[in-house]
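Chain and residue survey
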Amino acid sequence: MMILMCPTSLRKIVPVFFLSAHRVSSLSVQQRHHTSQRSLNVYFDSTNNLHRDIRYHPECPERISVCVNALNAYIAQNANVGKSISLQDVAQDQAFFSDDELIHARSMLVKAHSENYVEQIERKCRDSKARRLEEGKDTLGFIGYVDTGDTFMTTETYDVCLRATAAWIRAVDDAISSGDKAAVGFALTRPPGHHATRSLSNGFCHFNFAAAATFHAIEKGKIVSVLDWDVHYGQGVADILQNEPKARYVSLHQYPAFPYEGERRRTSGNLNNIMTIPVAADSTWTCGYKELFETHVLPFLISDNDTDDTNWKPDLILVCAGYDALADDELASVNLEPGDYGKMLALLKKWISVTYARGSEPGLAFGMEGGYRLQNEGERGLSAAFIETIKALF
């Protein structure tokens, strides 16, 4: 199989910028349901900055704050659509997630990984925090790196990740519990999770939120398709879901690039429920992405073949929404524009409309994965791509 090659383009050098720890303000808009318009709940954690590196790192709290601020501005400028968007800070109220929700979120992490794996990370954070208290230090401290030096951990990493898991699950519940099938949930959380395998933290990821949210939906009796449009292959999702008969996973990603897997376009797994679709560096929407998305991604996500055993009609489509395929993202070499994410979502919605009867459509839920273009982003960076996704929902 040949990877489609595109003309090489000049690439800018992205300047280094420094981390800052700050909370971002939330704008809560009363959610209203409309028969002709979707409603959208976006969940973020203003205390996500408690999980941060002590040196420059592209996976930083600003990834969330720029998106929150952009969404606030979009709501303010688009009153009609804004009425249907609720932006919710899960850390604004300690009771936002009930104890039962957090216990359930942990149980889904255990299902995606193992009790031992989850307990090791939890204990490392808790024990480090306890030692700092004994030493008279602030409880927030940097623990170190858990792999080759890019996946960091602080004393608050476990709790930030647990709230992120609960947010992904809440987003899924919005999508599968809506009476009018028009609600969408978006977990605007960090760190990303799709590289975390059943037993290994890597690629900035400690826990696999997509897998945990998928198991939650399956526990509710749903069939799930996971679409990963992050520029890096989510080998962790594939590792965890490859033996799950009620889930499919498809990844459209750059190769070669981390994690240096998924180099062939193929289906794999014991149930042939994993599809990898590599694209070449310098690919654009019109040179590589669009054709692959239409001819391979969509028919795998939803297969309307009543005459054979390949028929697959999920109740939920969960999107691993990474935005690092943007031109000039420092961690990849693909050349998408922010509007291309809106185009992908528009094609997905169109595919749904022709494969499902009205009223029987699958729910849609999203969770943030990668996306690191923050410097000089203007209308071409992470927050712009996030807003193009929001626009395409309405």
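In the block above lies the structure referred to throughout.
Values in this document were obtained by computation on a predicted structure and should not be read as measured data.

Digging into the sheet that holds strand β8 (residues 266-268)
Ordered by their spatial adjacency, 9 strands build an open sheet running β2-β1-β5-β11-β10-β6-β7-β9-β8, and the pairing between neighbours is mixed. Two strands close off the open sheet at either side, each with one partner strand: β2 (85-89) and β8. Geometrically, the sheet is characterised by an average inter-axis angle of 15 degrees between neighbouring strands, direction not taken into account. Along the sheet face, helix α1 (residues 62-77) touches β1 (39-44), β2, β5 (183-188) and β11 (363-368) and points at about 145 degrees away from the line of β2. Here helix α9 (residues 338-355) sits on the sheet and contacts β6 (224-228), β10 (316-321) and β11; the angle it forms with β11, its principal contact strand, is near 155 degrees.

Points about the pattern of salt bridges
Inspection of the entire model under this criterion finds 18 salt bridges. Residue E101 pairs with R170 through a salt bridge whose shortest N-O separation is 3.0 Å. Residue E101 is found in helix α3 (residues 99-112), and its partner R170 is found in helix α5 (residues 157-177); the two are separated by 69 residues along the sequence. Note on R170: relative accessible area 19%, which makes it buried. Two residues, E337 and R380, come together in a salt bridge whose shortest N-O distance is 2.6 Å. Here E337, found in the loop between β10 and α9, pairs with R380, found in the loop between β11 and α10 (382-393); they are 43 residues apart in sequence, far enough to count as distant.

Here's the deal with the state of the cysteines
Scanning all chains against the criterion turns up 0 disulfides. Sulfur of C161: no disulfide; nearest cysteine sulfur belongs to C125 and is 8.0 Å away. Residue C161 is classed as buried on the basis of its relative accessible area, which comes to 0%. Here C320 stays free of any disulfide, with the sulfur of C205 as its closest cysteine sulfur at 9.8 Å.

Side note on the pairing of β11
Of all 6 residues in β11, 6 are buried, a share of seventy percent or more. Pairing geometry for β5 and β11, over 4 bridges, is parallel. Of the residues in β11, the one forming a bridge with F186 is F366. As paired strands, β10 and β11 are joined by 6 bridges and run parallel to one another.

A look at unusual backbone geometry
Omega for the bond connecting R190 with P191 falls within 30 degrees of zero, at 0 degrees, which places this linkage in the cis form. Positive phi, normally seen in glycine, also occurs at F204, with a value near 75 degrees. Tracing the sequence through the fold places F204 in the loop between β5 and α6 (209-219). A positive phi angle is found at Y260, which is not glycine, with a value near 60 degrees. Structurally, Y260 can be placed in the loop between β7 (247-254) and β8.

Description of α1
Taking 1.5 Å per residue as the helical rise, α1 with its 16 residues ought to reach 22 Å, and the 22 Å between its terminal C-alpha atoms agrees with that figure. Those residues of α1 hidden inside the fold are in contact with β1, α2 (79-82), β2, β5, β11 and α10.

How each quantity is defined
Residues numbered from 1 in each chain as written. Predicted model: local features only at pLDDT ≥ 70, side-chain atom pairs only at ≥ 80, totals over all residues. Heavy atoms only, no water. Pairing = 2+ DSSP bridges. Helix = DSSP H or I, 4+ residues; strand = E, 2+ residues; numbered from the N terminus. Axes fitted to C-alpha atoms, helices over the stretch in contact; angles between N-to-C directions. Contact = heavy atoms within 4.5 Å. Salt bridge = Lys/Arg side-chain N within 4 Å of Asp/Glu carboxyl O. Buried < 20%, exposed > 50% of the residue type's maximum accessible area, 1.4 Å probe, protein only. Disulfide = S-S within 2.5 Å. Expected span 1.5 Å × (residues − 1).

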